[in-house]
Amino acid sequence: MAKSKSEETPLMTQHKAIKAKYPDAVLLFRVGDFYETFNEDAVIASKVLGIVLTKRANGSAAYIDLAGFPYHSLETYLHKLVKAGHRVAVCDQLEDPKTVKGIVKRGVTEMITPGVAVNDKLLENSTNNFLAAVHFGLNNTGVAFLDISTGELFAAQGSTEYIDKLLQSFRPAEVIFAKQQQKHFRQTFGSRFYTYTLEEWIFTNNYAREILHKHFETHSLKGFGIEDLTDAVIAAGATMHYLKDTEHPHLQHITAIQRIDQDDFLWMDRFTIRNLELLQSTVEQGRSLIGTLDNTLTPMGARLLKRWIVFPLRDLTRIHERLDTVEDLIKEADRTHALQQHLKAVGDLERLVSKIPLRKINPREVMQLARSLQQVIAIKELLSNASTGLLQELHGLLDPCFTILEKILAEISDNPPVLANKGGVIREGVHAELDDLRAIATSGKEYLLRIQQQESEATGIPSLKVAFNNVFGYYLEVTNTHKNKVPANWIRKQTLANAERYITPELKEYEEKITGAEDKIQVLEIQLYDALLLALQEYILPIQRNAQALGRLDCLLCFAHNAVQFKYRRPNVTDAYFIDIKDGRHPVIEQGLPTGETYVTNDLLLHQNEQQVIILTGPNMSGKSALLRQTALITLMAHMGSFVPASAAEIGLTDKIFTRVGASDNLSGGESTFMVEMNETASIINNLTPRSLIILDEIGRGTSTYDGISIAWSIVDYLHDMTPHRPKTLFATHYHELNELENKHSRVKNFHITNKEVGNKIIFLRKLAPGGSRHSFGIHVAKIAGMPPQLIDRANEILTQLESQHIAAPMEQIAAPIQKVQLSIFDAHSDTFKDIREKLESVDINRLTPVEALLKLSEIKDLLQ
Ligand SMILES: Nc1ncnc2c1ncn2[C@@H]1O[C@H](COP(=O)(O)OP(=O)(O)OP(=O)(O)O)[C@@H](O)[C@H]1O
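The model shown is predicted, which means the values in this text are computed figures rather than measured ones. (Residues numbered from 1 in each chain as written. Predicted model: local features only at pLDDT ≥ 70, side-chain atom pairs only at ≥ 80, totals over all residues. Heavy atoms only, no water.)

What about the site of the ligand?
We count it as follows: Nearness is judged by heavy atoms alone; a residue qualifies as near a molecule or strand once a single heavy atom is within 4 Å of it. Nitrogen and oxygen atoms within 3.5 Å of one another constitute a polar contact, given that in protein one can donate a hydrogen and the other can accept it, and given that sequence-neighbouring residues count only through two side-chain atoms. Method for areas: the Shrake-Rupley scheme with a 1.4 Å probe, in which residue coverage is limited to the protein chains shown. Put simply, DSSP marks the helices as runs of H or I at least four residues long and the strands as runs of E at least two long, and each gets a number from the N terminus on. All amino acids are sorted into three groups, where Ala, Val, Leu, Ile, Met, Phe, Trp, Tyr, Cys and Pro are nonpolar, Asp, Glu, Lys and Arg are charged, and the leftover types, Gly among them, are polar.
Taken together, 14 residues sit near the ligand, with Val600, Met621, Lys624, Ser625 and Ala626 positioned nearest. The contact in question runs from a nitrogen atom of the ligand to an N or O atom on the backbone of Val600, over 2.9 Å. Between an oxygen atom of the ligand and a side-chain N or O atom of Lys624, the distance comes to 2.7 Å. Summarising the interface, the protein chains cover 77% of the accessible area of the ligand, which totals 630 Å² for the free molecule. Counting residues per element, the shell around the ligand draws most heavily on helix H21 (residues 624-640), which supplies three residues. Residue composition of the shell around the ligand, by class: six nonpolar, five polar and three charged.

Put into structure tokens, the structure is as follows:
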């Protein structure tokens, strides 16, 4: 039949049909030895990958854009496309082109998105790659986090604030939710994440349960403790659905759902995780806590440590268990050293085992898995006489899986090739037929060498060689100098610049024998390898248990290592209501100090009944923020079961740590507005308990001075008067007016960070001392920063003038900001708030200084309570 005018090629018709199923993904379309992209995909690929964009004829239809790359570069290019935020569908040839007439069958074999990736190049060893699903229910929000590369699946539900904290802790590479909830998601969580929306029916209870029951082969989700958490179930179901949607049907390595329970962990909201720089520094090239503490030896340990940091324990027994273990590991130094040596030789068991059902594990990785299991034998042996409960538990969990280990070692050769079809994967002696075929292949090869020698002698061509290529198989190569010696019965196949290539009937006869054997060897080796993988599949669960146990052991060994290396001490974590730190240091700053400088240590006591609120003043750059954060970090580390940077520390059990930093510290992410600062502060005040620790760093500075003082003042008032909670609070400020509060409240104490003035220079002593400070030396810091001398002189002049003036504070300046403060801060006192304002209006405001006005305000409030 004649082609109609606009008819495209069959290849493009096939491409169009497949692309229609993946409209929002870049389709990598395998054609021979290349992955090609067409049309809009080609434009993207050429831009992102820097490959040439060309045009190609498409039958009698319009020309199309085209860009491609060799198939063996897939991983490299995939990485670039996904990192650039694209979803990629890999479309492979599903038949051998040699055996098919006409167009080869093709289909998408894998879809890669930022949150669904198993390719090594896309993954970071020490970081999980989580896909998250979020579902807003009627009363709760559900979330699930799934890492297909490790098989871990977590689920939780609760308030949006809780889910926000979990999102900050797990830092998913991609978040999915229902299309209809898009606006809600943006309003609640902003645009911090790479997101993708799915149809609403996927986020339903029945569908989620159906998909989860089927996958886990259960009738309920009780075993995972999430049966009643409908929104969490929906989210977990959505993640599993998404994996199947992205062409990942083999998920036997996802063996459980782990419930995350808010009450099990010391609570830190997302602002605290950010402000304390737990996972990431807030400044470019700065160090985070994880960057300092992570001395783990395995990827499992490194990933787990990140979770231990954002989910510190809240259970005294479990904290002590970890501390006891760290102490024991330090004491038993020889055993610890041996454990470390064996752990170093363990591969990424979690990710290796996850590749089994996905059929992505190569022979070399199978061998790595076996060698890791051999280390398990040695580690288990070393733990056999462990004295602490935790090490005994780990000893019990370790299982070298002897049967499969022996099978791998018996069947896979010592140094196998990466690709199963390359030959040499299976050892000799495993399969009789394979051995016979190998004998033929090798003797054939030896024979070819003999031919080479014989022909060389017969023709007198010394440089003659037998070689092979894919086009005409085995051939004889003769350099141009000896061309004239070639016998007449040789058939010339190719002429090169310096040589000619020939074949002979004898050569072809042997070639058939050898290649026949080699083909059979390849088929047999792949069969045997597949059978081994099938057997290995039965061991997914025990190997995962090993991986988890080794991850925990690694974290504990890391704590022991840090304790010795950084001179950390065991904290005494008790159920008291105070925090008493002796010679505390900031774990991150102290490691980053230039050589020769030492960190100035400080003692700090926060006590619910005596020293509940500390107002900390001192010059700019003196170390206020460092002291605040080190107190929070020491408390947090103690709750992780780690030793701490202090000579001694008594840490009362803490259930929540809140940190807030004045707005101008957080200029990134569009979160620098004063409103955000106030929202954050309001959310602390509404969530406090007697075991909470609050770190406030220059709260109120995001607005005018009077507004700021008023807010800071009323926050301290409020926290002090919060009976019976009395949350322990550290408040650093440049508002020296707040020092007045010590006289007003029994549990508010002033401290300052000392400095010394030598001539016109300030030396920071960084020691904490009782009493408030009156100066911030901001102008001095400006001078150090290199401001021009004229500017500095002028600033000093203005400062002197201001200090000598009596600045009256119009009462509106005090009252107005209070209106601005979120009403939620005054939730319990909303009537009081109204009364305060009435009383305020009756005062002759023009006569008062700001501080007097605030005292008045406070008095009025007290009166009304
Ligand atoms: N105890 C200490 N020992 C040694 N160096 C310290 C100590 N405390 C702080 N520093 C160093 O001083 C720098 C400034 O400290 P920090 O940011 O805590 O000052 P600050 O008083 O909060 O300043 P500002 O009021 O300007 O925000 C830190 O980055 C650190 O390098």
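Details of the sheet that holds strand S6 (residues 106-112)
The condition that has to hold: Whether two strands pair depends on DSSP finding at least two bridges between them. Interaxial angles span 0 to 180 degrees and are taken between N-to-C directions of axes, which are lines fitted to C-alpha atoms, for helices over the stretch in contact. Residues count as neighbours in contact if any of their non-hydrogen atoms are within 4.5 Å of one another.
Read across the sheet, six strands follow the order S3-S4-S2-S1-S5-S6 without closing on themselves; strand pairing throughout is mixed. Where the open sheet ends on each side, the last strands, each with one partner, are strand S3 (54-58) and S6. Across the sheet, the mean angle separating the axes of adjacent strands is 35 degrees when strand polarity is ignored. Bridge count for strand S5 (residues 88-93) against S6 is six bridges, and the pairing is antiparallel. Across the sheet, the residue bridging to Gln93 is Arg106, located in S6. Sheet strands in contact with helix H1 (residues 10-21) are strand S1 (26-31), strand S2 (34-38), S3, strand S4 (61-70), S5 and S6, and its direction is about 145 degrees off that of S1.

Focus: a nonpolar patch on the surface
Basically, it comes down to this: Surface patches are defined over residues having more than 30% relative accessible area and no salt bridge, joining like charges when they lie within 9 Å and nonpolar side chains (Val, Leu, Ile, Met, Phe, Trp, Tyr) when within 5 Å. Note on definitions: salt bridges are taken to be side-chain nitrogens of Lys or Arg within 4 Å of carboxyl oxygens of Asp or Glu. Remark: exposure states derive from per-residue accessible area (1.4 Å probe, protein chains only) relative to the maximum for the residue type, with buried under 20%, exposed over 50%, and partly exposed in between.
Together, Val758, Ile763 and Leu765 make up an exposed nonpolar region whose accessible area comes to about 220 Å². Of note, Ile763 is situated in strand S27 (residues 761-770). The exposure class assigned to Ile763 is partly exposed, which follows from its relative accessible area of 37%.

Comments concerning the UniProt feature "binding site: ATP" (unreviewed entry) in the protein
Put simply, the rule reads: UniProt positions are given in the numbering used here, feature names are shortened, and annotations may be inferred rather than shown by experiment.
On the UniProt side, "binding site: ATP" (unreviewed entry) is annotated at positions that read Gly618, Pro619, Asn620, Met621, Ser622, Gly623, Lys624 and Ser625 here. Along the chain, the position of Gly618 falls in the loop between strand S21 (613-617) and H21. The exposure class assigned to Gly618 is buried, which follows from its relative accessible area of 0%. Residue position: Pro619 is located in the loop between S21 and H21. Classification of Pro619 by relative accessible area gives buried; the value is 1%.

Thoughts on a negative patch on the surface
Rule in force here: Under the convention used here, Asp and Glu are negative, Lys and Arg are positive, and both His and the chain ends fall outside the count. Charge coordinates come from a single atom per side chain, which is NZ of Lys, CZ of Arg, CG of Asp or CD of Glu.
Together, Asp263, Asp264, Asp315 and Glu321 give the surface a local cluster of negative charge. With respect to the helices and strands, the residue Asp263 is situated in the loop between strand S12 (258-259) and strand S13 (267-268).

Considering the packing of aromatic side chains
To keep things clear, this is the line we draw: Two rings from Phe, Tyr or Trp (for Trp, the six-membered ring) form a pair when their centres are within 6.5 Å of each other. A pair whose planes differ by under 30 degrees is stacked, one over 60 is edge-to-face, and the rest are tilted. The rule is short: NZ of Lys or CZ of Arg within 6 Å of the ring centre and within 35 degrees of the ring normal puts a charge over the ring.
Applying the stated rule across the entire model yields 22 aromatic pairs. With a centroid separation of 4.2 Å and 15 degrees between ring planes, the pair formed by Phe177 and Phe185 is classed as stacked. Here Phe177 and Phe185 have matching classes, each one buried. Summarising the aromatic geometry, the rings of Phe566 and Tyr568 are spaced 5.5 Å apart at their centres and angled 55 degrees between planes, so their arrangement reads as tilted. Side by side, Phe566 and Tyr568 carry an identical accessibility label, which is buried. Clustering of aromatic rings is evident, with ring pairs tying together Phe130, Phe145, Phe154, Phe170, Phe265 and Phe311. Positioned above the aromatic ring of Tyr196 is the side chain of Arg87, whose terminal nitrogen or guanidinium carbon lies 3.5 Å from the ring centre. For the cation-ring pair, Arg322 lies above Trp308, with the distance from its terminal atom to the ring centre recorded as 3.5 Å.

Details of the sheet that holds strand S7 (residues 131-136)
Strand order in the open sheet made by the six strands is S11-S10-S7-S8-S9-S12, with mixed pairing throughout. The sheet is open, and its two borders are formed by strand S11 (195-198) and S12, each paired with just one other strand. The sheet contact formed by strand S9 (residues 152-158) and S12 spans two bridges and is parallel. Bridge assignment links Phe154 to a residue of S12, and that residue is Gln258. Across the sheet, helix H4 (residues 160-170) touches S7, strand S8 (141-147), S9 and strand S10 (174-178), and the angle it forms with S9 is around 155 degrees.

Some details on helix H17 (residues 432-459)
What counts is decided by this rule: Residue count minus one, scaled by 1.5 Å, sets the expected span of a helix.
Given a rise of 1.5 Å per residue, 28 residues ought to cover 40 Å, and the 40 Å separating the end C-alpha atoms of H17 matches this to within 8%. Looking at H17, one finds that the buried residues are Leu434, Leu437, Arg438, Ala441, Gly444, Tyr447, Leu448, Ile451, Glu455, Ser456 and Thr459. The inward-facing, buried residues of H17 contact strand S14 (465-469), strand S15 (473-479) and helix H18 (505-537). At the exit of H17 stands Gly460, carrying a positive phi of roughly 75 degrees.

Observations concerning H21
Residue pairs spaced three or four apart in an α-helix point in one direction, given the helix's 3.6 residues per turn. A rise of 1.5 Å per residue sets the reference length of H21, with its 17 residues, at 24 Å; its end C-alpha atoms lie 25 Å apart and thus fit the reference within 8%. Of all 17 residues in H21, 16 are buried, a share of seventy percent or more.

A word on the pairing of S15
S15 sits mainly inside the fold: six of its seven residues count as buried. The pairing of S14 with S15 spans five bridges and is classified as antiparallel. What sits directly across from Val466, in S15, is Leu476. With four bridges connecting them, S15 and strand S17 (residues 499-503) associate as antiparallel partners. Bridge pairing in S17 links Val478 to Glu500.

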